Amino acid sequence: MTVLTCLPQSICSWNYSVTADSGVTASVEFDFLSEQGSITLESSYYSVQHAWLSGEWSLESGGRVVAVAIKPNPLSRLFEVSCGSQNLIFRAESPFTRAFAVEQDDRLLGTIQPTHPLTRRASVNCSSSIEIPVQVFLFWLAVLMWKRAANNSGAAGGAASGAGR
């Protein structure tokens with residue numbers, strides 16, 4: 001099991017610093033006006049691409065696609081993720097929480113959740129069968145859903161949007 005600790009870079013930021021229990025470090029960043037961004041993992045750079053008006057995001061590095069996430073229904077918080085030979089389901093655990101589950105063949109492989117209901121701090125606990133860049137990409141998708149929920153609620157900050165560090 002790999003454990004990632006995810007801390008927002010500032011109190012109002014959706015960008016994160018991520019540390020693995022193995023000591024590996026990463027940063028997760030969102031582009032200001034789009035649903036794209038980047039992940040830096042140690043010395044490797046990954047871009048997160050999103051085609052406008054589509055439900056597809058890709059994690060790319062050095063001109064190759066590492067993983068693809070498809071959101072089949074715009075009203076759900078569920079993604080179908082393919083990375084190499086793995087096909088994962090990444091879904092909200094409940095309509096009432098910010099926690100997400102990572103599944104493969106109806107088997108739970110991990111969770112991504114805030115450390116407390118009123119914070120943006122989070123943890124990722126996933127099977128080591130999922131590569132760390134893909135785990136960080138899944139976290140990026142979870143933050144995207146949290147960010148959308150905060151924007152849709154009209155909350156400018158504070159506890160309602162989980163802005164606390």
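We now turn to the structure provided with this report. (Residues numbered from 1 in each chain as written. Predicted model: local features only at pLDDT ≥ 70, side-chain atom pairs only at ≥ 80, totals over all residues. Heavy atoms only, no water.)

**A closer look at the overall build of the chain**
What counts here: Segments assigned H or I by DSSP are reported as helices when at least four residues long, segments assigned E as strands when at least two residues long, and all are numbered from the N terminus. Exposure categories follow from relative accessible area, calculated using a 1.4 Å probe and restricted to protein chains: below 20% of the type maximum is buried, above 50% is exposed, and the middle band is partly exposed. In this description, contact between two residues means that some pair of their heavy atoms is separated by no more than 4.5 Å. What sets the accessible areas is the Shrake-Rupley method with a 1.4 Å probe; for residues, cover comes only from the shown protein chains. For the purpose of counting charges, residues Lys and Arg are taken to be positive, whereas Asp and Glu are taken to be negative. His and the chain ends are not included. A charge is said to be at NZ when it belongs to Lys, at CZ for Arg, at CG for Asp and at CD for Glu.
On a plain count of helices and strands, the chain comes out with one helix and twelve strands. Ordered by position from N to C terminus, the α and β elements of the chain give β-β-β-β-β-β-β-β-β-β-β-β-α. Referenced to the eigenvectors of the C-alpha coordinate spread, the extents of the chain come out at roughly 40 × 35 × 30 Å. Taken over 165 residues, the chain has a buried fraction of 47%. Sequence separation of 24 or more characterises 36% of the internal contacts of the chain that already satisfy a separation of 6 or more. Carbon and sulfur atoms provide 53% of the accessible area of the chain, an area that totals close to 8300 Å². Positive and negative side-chain charges of the chain, numbering 11 and 13 respectively, have mean locations separated by a distance of 9 Å.

**Section: the packing of aromatic side chains**
What counts is decided by this rule: A pair of aromatic rings is counted whenever rings of Phe, Tyr or Trp (Trp by its six-membered ring) have centres within 6.5 Å, and the orientation is called stacked for planes under 30 degrees apart, edge-to-face for over 60 and tilted otherwise.
In total, this model carries six aromatic pairs according to the counting rule given. Residues Y16 and F139 carry aromatic rings whose centres are separated by 4.9 Å and whose planes lie at 90° to one another, so their mutual orientation is edge-to-face. With Y16 in strand 2 (residues 16-20) and F139 in helix 1 (residues 132-153), this pair connects stretches of sequence that are 123 residues apart. Note on W57 and F79: the rings are 5.6 Å apart at their centroids and 75° apart in plane angle, and the pair reads as edge-to-face. Here W57 is found in strand 6 (residues 56-61), whereas its partner F79 is found in strand 8 (residues 78-83), with 22 residues between them in sequence.

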